[in-house]
Structure formats: C-alpha cells, structure tokens
Amino acid sequence: MFERELVIVGGGPAGMEAATSAHKSGVRDILLLERDQYLGGILNQCIHPGFGIEHFKEVLTGPEYADRVIKQVTSMPEIEVSLRSFAVHLTKDKVLTFMKPGILENVKAKALIMATGCRERTREMIHIPGTRPAGVFPAGLAQKLINIEGFLPGKEVVIVGSGDIGLIMARRFLLEGAKVKAVIEIQKKSRGLLRNIVQCIDDFDIPMYFSHKVSNIYGRNRVEKVSVIKVDDDFNELADSYFEIECDTVLISVGLIPENELIEMAGVEIDKKTNTPITEEVNKTSIPGLFVCGNSFKVYDIADSVSRDSAIAGELAAEYLRSLK
Amino acid sequence: MNAYDIIVIGGGVVGTSIARELSRYKLRIGLLEKEEELAFGVSKSNSGIIHPGTQNPTDSLKGKLCVQGNKLTRKICKELGVVFKEVGELIVAFDDSGMEELMRLKKEGEELGVPKLEIVDSAWLKKNEPNLSDKAAGALYAPTAGIISPYRFAYDLGENAAKNGVEIHLLTEVQNINLIPENSTAEKYRFEVSTSKGSFRARYLINAAGLFADEISKMAGIDNFKITPRKGEEFLLDKNDEHMTDHLLFPLPTKTSKGVLVIKTSDGNPMIGPTAKEVEDKEDLSTTDEGLEKVLSSVRKMIPTINSNDIIAYFAGLRPASGHDFIVRYEDKVPGLINVAGIQSPGLTAAPAIALMVRDLLKKNGLTLRRKIFFHRHRRKTVHLFAVPLSETEKLVKKDAAYGDIVCRCEMVSAKEVTDAIARGAKTLDGIKFRTRAQAGRCHGGFCTTRLLRILADETGKKVIDITKRGPGSEIVKKDRRDV
Ligand SMILES: Cc1cc2nc3c(=O)[nH]c(=O)nc-3n(C[C@H](O)[C@H](O)[C@H](O)COP(=O)(O)OP(=O)(O)OC[C@H]3O[C@@H](n4cnc5c(N)ncnc54)[C@H](O)[C@@H]3O)c2cc1C
Ligand SMILES: Cc1cc2nc3c(=O)[nH]c(=O)nc-3n(C[C@H](O)[C@H](O)[C@H](O)COP(=O)(O)OP(=O)(O)OC[C@H]3O[C@@H](n4cnc5c(N)ncnc54)[C@H](O)[C@@H]3O)c2cc1C
C-alpha cells in the first residue's frame, strides 16, 4: 500500500478538470486512474459537434473537447495518469484498490475524487417484455460500436426513448446508410435538447411517436419486429392504437444512472432513486475528503457544465488537504 | 462415418450427465447437440435449485430420482469444482389449513426418504428470515435444498465427459433415424442417425432431447408420448438484494407446480419466479407483462418489500412435460432405444440419478460395461474473481497478468477468465456470459460487449461480424464499416 495526497478515479472531462483545478489550487501529488486505455471518457465516442460552446467558446466535437483537456492534464507533471487502471474497492478510510494488467494495488488517499460517470439504463429496467434476441442495444453501446469499433450494429432501427443519446444515434445510423424506422417516446415530449430534435430527427423526417411505448420485442435469434402502443396520461395502454414495426435492431435510450457503487461500498449515503450521494453541497458526500463530480454526481446534459462544476471538486479537495495540515 | 456404441441425443444437463456417467466404461460414445454450445436448451433457463425431494408424489419416479439426485449432485459438484451451496428451503404456510398441508408434505417427503425435515413456527421464521411477511404461520424446513449454477454444471459435466473420451458434436441436429435391419453389420449397429452434419451409427441410442424428445422418439419409431411445454418466467434482482432472504422460499405447491418462489442463486442475485403456463410453441421463450405481475404479486405475499425497480434481467424456460412424471425407459419395441423424456422439474436435481438409471437399463439390456482403468473424476475448479477475496485476486494477478485486466465492471470479470472460458468451449456471447458472468450484471453488457467481441474474434480467429449471441442467426453486428 502507498499513500497519495489526492487520488481521482475516472479520466473523463470531470476527472480531468478536477485534476487540473486541484493542481491550480496548489495540490502537487495527484494520481488519476482511468480504466480505459485513453483519457476522455464518453467524449471519445461522441464524434458529433456540439461541445465546448460555453467552456471553450467554440463548437467542438467530443474528441476535440477531450483533446484540449487532456493537453492541460499532461502539461502538469505532478498529475500522474494511470491508464487501464480499474478501481474495484473502496473503504471509508479512503483506501482504494485498483487493478491493471499484472498489478493489484492499494492506495491510501488523503483526499479522493470520484468521477466515474454513468451507465445506461437497460431494456430490463423498463421491463419491455418479449424475447431476448441479438439486436437490442443500449444506445451508447451502439454509439461505441460504430464510432470507436467501426461496426454497424443494424440496418433497420427502432429507437426507444428520445434522450440525447437516442436522438444523436438516430442521425448516426442514418448517415451510415441504415433505416431509422421510428423513435418511440412514452412521455408527451422529449427530454432531449431542442437542437438535437431539430438536427437529428426533424431534418431527416424520422417518425417520432410521443405518448407511445414499445410493448413487445419479437424475434428468436435476431430482432424481427416490435409492437408499439399508445398510452394515456397515466401510461395506460390504449388497445386500439396497437401497431407493429419490422426492424432488426432496437436501441434503448432511456436515461443514465450515475455509477456510485464504489462510494456506496465505502458507506456514503446514496439516494436510491437517483443513485447519487445525498448532500446539500455540490460534489460533497457524507464522508469528509471524499468528493464526487461530473456525471456520477448528477446526470448533466452537456460536457461544459461538467467541466465547470468539476473544477469545484478540485478546489474542495485542495481546501480539504490544507485543512489537514 | 462416425460409429459409436452409444449416441446420446441432447447436450443438456441430462444428456451430459448420462455421457459423463457412461464415460467411466470402455465404450465409444458420441453426444449430438443441435445448438452451438451445450446447455442452451432448458438447462440454461431454470431456477438452479437442487431440490430436497419434497413436493413429489410418494410413488413417483421423479420423487425417487430427486432424493437420490440431491445426494449425487453434491458429490459430482465436488469432483468437478462446481459450487454447491446448501441453503435450505422453507415452504411457507399462512393459516391453519396451510399448516396441516405442511404436515402432509412432511410425511410424504419422509416416505420418499427426504432427510431432516422439520416444521418451524412463526417465531423461528421471525428470527431466521426477518424479511418474511409477519403473516407467515410456519414453514416446512428442508435443510438439504441447495443451489448451483445449472449451466456451469452442464458445461463442466460435458467438459469432463469429453476429457474421458466422449465425442461432442455441436450444431449437429438429428433429422432422421433409420433402424438398421438385424445382422446386416458385424458390429451390430442398430441405428443410423442423419444429422445436419452427416450420418452417425450407433448400437444404443439415448434420447435426452428435452422439449424435442417426442419428435426424436417418433423418428426412431416410438410414438407414445407427447411433450407439452410449460413456460416459466423468472426475474433476476440486483446483487444488492443478495441477503434479502437466507433460504429458498416456497409457497404451498399447486397441482402443476411448486408455485412462485423467492430463489437464491449461486452467484448472489436473488431471483423470483417461475410462472407455470402451458404453451404450444417449443421455442416460445418470451416473457410477458402478465408473467411479471403474477410473479410480483405472488412473491410479495412472502417478501412484501420486493421492489420491481431492482429487476436487472429476466428470461423464460419451458418445462418439457409429458404427463406428471418422468419417462426413463428402454423401448422393447425398438431394441437399443432408451427414452429419457418429460424431464420437467426437478430434472436438474435428478439428472445424475437419471444417468445411473440409464446405465442400469443398458446393462440389463445386453450392454457389457467394463470400467476403464483410469477415469478422470476430477476437474480443475474454474477461477471466478467475483468469488474470491481481493487477497486471493492479488496472488492470481501476480501469477497471470491478465487477471488484472478487468473486462466486465459490474461482475468483476477479467480478460483471463474470458479467454479461459473460450478455451473451455465458449463460442458465443451467451456462452461467455453463462461461464464467466460478464454481461450478466446490472449494465447488461453495455460496458463489456465491445471488448468481448474483440477477445472472441482474436481467440477463435473469427471475424467480429460472424460472432453471435447464441449461435447462427444471432450475429451481433451487421457490417464492418471498413468493408466497402
Ligand atoms: C451520446 C452522447 C452525446 C452527448 N452529446 C453532448 C453534446 O453534444 N454536448 C455536450 O456538451 N455534452 C454532450 N454529452 C454529455 C457529456 O459527454 C458528458 O456529460 C460528459 O462526458 C460526462 O463526463 P464525466 O467525466 O462525468 O463522465 P465520463 O465521460 O463518462 O467519464 C467517466 C470516466 O471514468 C472512468 N471510470 C469509471 N469507473 C471507473 C473505475 N471504477 N475505475 C477507473 N476508471 C473508471 C470511465 O472509463 C470514464 O473514462 C453527450 C453524451 C453522450 C453519451
Ligand atoms: C422455469 C424452470 C425452472 C426449473 N427449475 C428447476 C429447479 O430449480 N431444479 C430442478 O431440479 N429442475 C428445474 N427445472 C427443470 C430442469 O431445468 C430440466 O428438467 C432440465 O434442465 C432438463 O434437462 P434436459 O437435458 O433434459 O433438457 P435440455 O437442457 O433442453 O437438453 C436437451 C437438448 O437436446 C437438444 N436437442 C433437441 N432436439 C435435438 C435434435 N433434433 N438434435 C440434436 N439435439 C437436439 C436441445 O438443443 C437441448 O440442448 C426447471 C425448468 C424450468 C423450465
């Protein structure tokens, strides 16, 4: 076991911003752990423009936004970046266990910032009945398959949910030559940003059904079709409105869940509904010196706000470390 | 042409149990399975309970084989390194007439030879099962009930059988069976089995084809039973609920099923289900809204706090029922044919006992059984990081760096476990999931799928576009963007 002033878990925009901001506030011993083989987090797979308008006053793609922040991180030699490093265990005394190929390490952090992002809600969490064939993807996974791995997951797509990821993926599939047959949203309106609705759906004439839900998924080996039904204000099904759409792919875009299993393991009080730490103040938790920022603190719409708020986590950690001396 | 003394049709837990048992003897054995991997039939979708033997009629074959199977399974699990947890079960009653019913179940169980049965009262339940509804009046406690991972059990049986010489043919669907007239060959082959992968000959044919056992039997000339699928939907809950109960919880049984249960599973996630509904289609594995509602309303009578938001996965299995009991018989009208059919619940539990019964039937009907000098009884236990403490993980990582390369975040599965699973026979994403738990956690593959595709492609030499979820037709991606 070794000791570190500040350990940060997660190398997305949140973790990186927290690192540079702690550095600017005087912390000189920082370890940044990222489980992937590169920094940037979810930004790496968001190759569309629409990032940085507030933070950099420029329209950037996700990877361009990430690059700028990565440059800041690597310009500060006191921030040690450890890639392919997966945090797997945390105690209330801030002893963190992480693994990388060939290594299992325990590090005792004086201050700790968790910036582990979100995971996607799944088809199972919204209980869509039917079969379980290949071709049902969380939308973010489909995005990664196309933009990072270089594979087209399907050719005839129905999207469940009209959150930003779903909207962006509708356009992405279209540009790849696939057919997007419908976006099905159970609410009366979209949770997505207006610009995404206009630029990703309206501009391409993709049929969008509000107050509708996918009531069943069919297909033995691969998705063959879905059934769709209209719902009333209380989400009761309106039987006469039933129809079917043939497709080979269903994308699930029904929201994100902050990843906070590690701090929960350490004993931080978690709001079961949102899976976020219960706290009055931004980035703080019930354990002193343990902070959470970015999408694991709360689900943000845009990366710019993540960067803005995560800088505060770096300052809070620096302040906490000073108070120990 | 492939010629065997014995062909086993079906690579579920019953077929693999039979194959392993017979591999102790000097016999040439082939196992034919239509799916790409073993255990992709009924044996992958069940409750994973090694039943004690209660809730069976005293004169039934399934009751007898269940009691015997419960004992045998423990021994085989030890030999193969499969985790068996003896968690015990409680059949819960809510009123006086229910308590009387428990007395009857206890008496019947004891008649069948189920050990250590005990009636416990509400005070016992409050102490030992604090989340149980306080309306519970008492329960029948069967401490010998256990849990295992059903698919890993079948895989390990298959692997061990193969190690002992059984030849396993996958993606090999039996399409036709011809009876070879007597004396036409010196080796006395009686059956010519045509499959999607060519023809096979056998002296003895064991039909363990699960839902399709009636069709296989018909191909061989015996048309005296019908398999009626009875669907069971099951819903898995988040690992956080692992300690919601300490025992398996059963309501009083109905005529056709043991009722909807609160189940502990061998990897930790609790499960609720199954329903019981007859269906027509032998491939109808869909889950339904009604099924979910039925399960929730039933289990909440026992554990009122069960939260539907904790559901992380669900599936359906089809019980291959033929009447109320198992069929395990030598067909005198077609010498050499043994039908093992109607193996509904408790078929997982009974499988090792069924295997012994099949062995005895073969012996009785003219097959000479000579033991091999060396039978590989043991199998090295598979490593699962999720099942060992971090101190042990540390040692493993030092031994092999790839144990430190975490692939699945929810269940903590390393690259090493995945490549091992592939080396042991996993060919599909589902095969990896069942063996390692990667994709089986709360994010359901959102994180690890891309990495698993790459590892599978690297290890098998396949292209990513050819990798499937569970066999041909279930390819994951449709196009490689670099191919134009
Ligand atoms: C499809 C999509 C479209 C978007 N479009 C826009 C847009 O147009 N404009 C905009 O401004 N924003 C957009 N966003 C939002 C923005 O990308 C996110 O808000 C932002 O990336 C969140 O940053 P984060 O650092 O909190 O999380 P992430 O970027 O998810 O980073 C978390 C990091 O933590 C690492 N990690 C997690 N757990 C561990 C562990 N146990 N050990 C080690 N490392 C770990 C992860 O690998 C990851 O790198 C979009 C997001 C998506 C998904
Ligand atoms: C919901 C549910 C819950 C259950 N819970 C329990 C429990 O808790 N405890 C318990 O003891 N039992 C339980 N059971 C019962 C148990 O799962 C079955 O009895 C057992 O799995 C049957 O195994 P099998 O090998 O006979 O069938 P299968 O696993 O279906 O094996 C038959 C194999 O034959 C193959 N096959 C079929 N046709 C052909 C062909 N033409 N050519 C080649 N191969 C072919 C199939 O692909 C299949 O792999 C449950 C069952 C269900 C459905």
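Residues numbered from 1 in each chain as written. Chains lettered and ligands numbered in written order. Predicted model: local features only at pLDDT ≥ 70, side-chain atom pairs only at ≥ 80, totals over all residues. Heavy atoms only, no water.

## Brief notes about the packing of helix α2 (residues 61-80) of chain B against helix α5 (residues 150-163) of chain B
All names here are of chain B. Which entries qualify depends on this criterion: Each axis is a line fitted through C-alpha atoms, taken for helices only over the stretch in contact, and angles between the N-to-C directions span 0 to 180 degrees. Secondary structure counts use DSSP, requiring at least four H or I residues in a row for a helix and at least two E residues in a row for a strand, with both numbered from the N terminus. For classification purposes, angles smaller than 35 degrees are called roughly parallel, those larger than 145 roughly antiparallel, those between 65 and 115 roughly perpendicular, and all remaining angles oblique. Two helices crossing with the near one rotated counterclockwise from the far one by less than a right angle form a left-handed crossing, whereas a clockwise rotation gives a right-handed crossing. Whether two residues touch is decided by their heavy atoms; if any such pair falls within 4.5 Å, the residues are in contact. Three classes are used, and their members are as follows: Ala, Val, Leu, Ile, Met, Phe, Trp, Tyr, Cys and Pro are nonpolar, Asp, Glu, Lys and Arg are charged, and the others, Gly among them, are polar.
Between α2 and α5, the shortest axis-to-axis distance is 11 Å and the interhelical angle comes to 65°. As summarised for this structure, α2 and α5 are arranged roughly perpendicular, according to the angle between their axes. Crossing angle aside, the handedness with which α2 passes α5 is left-handed. Packed against α2, whose contacting residues are Thr73, Ile76, Cys77 and Leu80, the element α5 presents Phe153, Asp156, Leu157 and Asn160 at the interface. Looking at the contact of α2 with α5, its residues break down into five nonpolar, two polar and one charged.

## Observations regarding the sheet that holds strand β14 (residues 208-209) of chain A
All names here are of chain A. The following threshold applies: Criterion used throughout: strands pair if DSSP finds at least two bridges between them.
Ordered by their spatial adjacency, five strands build an open sheet running β10-β18-β12-β13-β14, and the pairing between neighbours is parallel. Taken across any chain shown, the strands that pair with only one partner, and hence form the sheet edges, are β10 (136-138) and β14. Pairing of strand β13 (residues 179-184) with β14 involves two bridges; the strand directions are parallel. Bridge assignment links Ile184 to a residue of β14, and that residue is Tyr209.

## Overview of the side chain of Glu17 of chain A
Residue and element names in this part refer to chain A. For the record, the criterion: Buried, partly exposed and exposed residues are distinguished by accessible area as a fraction of the type maximum, computed with a 1.4 Å probe on protein chains only: under 20%, between the cut-offs, and over 50%, respectively. Asp and Glu are treated as the negative residues and Lys and Arg as the positive ones, with His and the ends of the chain left uncounted. We define a salt bridge as a side-chain nitrogen of Lys or Arg found within 4 Å of a carboxyl oxygen belonging to Asp or Glu.
Following the sequence through the fold, Glu17 ends up in helix α1 (residues 13-24). Look at Glu17: it is buried, it has no salt bridge, and the nearest opposite charge is Lys24 at 5.0 Å. Beyond its immediate stretch of four places on either side in the chain, Glu17 contacts His55, Val69, Ser307, Ser310 and Ala311.

## Here's the deal with the site of ligand 2
All names here are of chain B. We count it as follows: Nearness is defined per residue: one heavy atom within 4 Å of the molecule or strand is enough. Two N or O atoms form a polar contact when they lie within 3.5 Å of each other; inside protein one atom must be a possible hydrogen donor and the other a possible acceptor, and for residues adjacent in sequence the pair counts only when both atoms belong to side chains. Throughout, the Shrake-Rupley method with a 1.4 Å probe supplies accessible areas, and for residues the shown protein chains are the sole cover considered.
Close to ligand 2 lie 40 residues, the nearest being Glu33, Ser43, Ile49, Ile343 and Thr349. Ile49 is positioned with one of its backbone polar atoms (N or O) 2.7 Å from a nitrogen atom of ligand 2. Note that an oxygen atom of ligand 2 is positioned 3.1 Å from one of the backbone N or O atoms of Gln344. For ligand 2, whose accessible area on its own is 1000 Å², the fraction buried by protein is 98%. Within the residue set of the shell around ligand 2, elements represented by two or more residues are α1 (13-22), β12 (228-237), β17 (311-321) and α8 (347-364).

## Some details on the side chain of His48 of chain A
All names here are of chain A. Inspection of the secondary structure assignment puts His48 in the loop between β2 (30-33) and β3 (49-51). By relative accessible area, His48 is classed as buried at 14%. Filtering out sequence-adjacent residues up to four positions away, His48 remains in contact with Leu60, Thr61, Gly62, Gln143, Ile168 and Arg171.

## Considerations on the domain arrangement of chain B
All names here are of chain B. As a reminder, the rule being used: Where each domain starts and ends follows an automatic or database-derived domain assignment. Throughout, the accessible surface (probe 1.4 Å) given up by two parts as they are put together, summed over both, is called the buried area.
Split by domain assignment, chain B resolves into domain 1 (2-43 + 150-227 + 324-364), domain 2 (84-145 + 228-320) and domain 3 (385-466). Distance from the C-alpha centre of domain 1 to the C-alpha centre of domain 3: 32 Å. The interface is formed by eight residues belonging to domain 1 together with twelve residues belonging to domain 3. Here domain 1 meets domain 3 over a buried area of about 880 Å², counting both sides, of which 53% is carbon and sulfur. At the junction of domain 1 and domain 3, the tally comes to three salt bridges. Two residues, Arg424 and Glu159, come together in a salt bridge whose shortest N-O distance is 3.6 Å. Our count for the contact surface shared by domain 1 and domain 3 stands at five residue pairs in polar contact (both at pLDDT 80 or more). Of the residues that constitute the side of domain 1 that touches domain 3, the class distribution is four nonpolar, no polar and four charged.

## Considering the sheet that holds strand β16 (residues 225-231) of chain A
Residue and element names in this part refer to chain A. Taking strand neighbours across the sheet as the criterion, the three strands line up as β15-β16-β17 in an open arrangement whose pairing is antiparallel. The open sheet has two edge strands, β15 (212-218) and β17 (237-246), and neither has a second partner. Adjacent strand axes in the sheet meet at a mean angle of 25° when their direction is disregarded. For β16 and β17, the ladder comprises six bridges, and the chain directions are antiparallel. If you follow Lys230 over to β17, its bridge partner there is Leu238.

## Section: the site of ligand 1
All names here are of chain A. Around ligand 1, the structure places 33 residues, and the nearest of them are Glu34, Ile42, Gly50, Asn295 and Ala303. Taking Pro13, its main chain carries an N or O atom lying 3.3 Å from an oxygen atom of ligand 1. Between Ile42 and ligand 1, the recorded distance is 2.9 Å, taken from a backbone N or O atom to an oxygen atom. A total of 1000 Å² of accessible area belongs to ligand 1 in isolation, and the protein chains cover 94% of it. When contributions to the shell around ligand 1 are tallied by element, the ones reaching two or more residues are α1, β3, β6 (86-90) and α7 (303-324). The element best represented in the shell around ligand 1 is α7, accounting for three residues. In terms of residue class, the shell around ligand 1 is built from 16 nonpolar, twelve polar and five charged. Of the residues that make up the shell around ligand 1, three or more belong to each of domain 1 (2-119 + 257-323) and domain 2 (122-252).

## Here we look at the packing of α5 of chain B against helix α11 (residues 429-436) of chain B
Packed helices, taken two at a time, are described by their axes: the angle between them and the distance between them. All names here are of chain B. The N-to-C vectors of α5 and α11 enclose an angle of 100°; their axes lie 8 Å apart at closest approach. With respect to α11, the element α5 is oriented roughly perpendicular. Note on element contacts: α11 touches α5 through Gly431, Phe434 and Arg435, opposite Tyr151, Arg152 and Tyr155. Looking at the contact of α5 with α11 residue by residue, the classes come out as three nonpolar, one polar and two charged.

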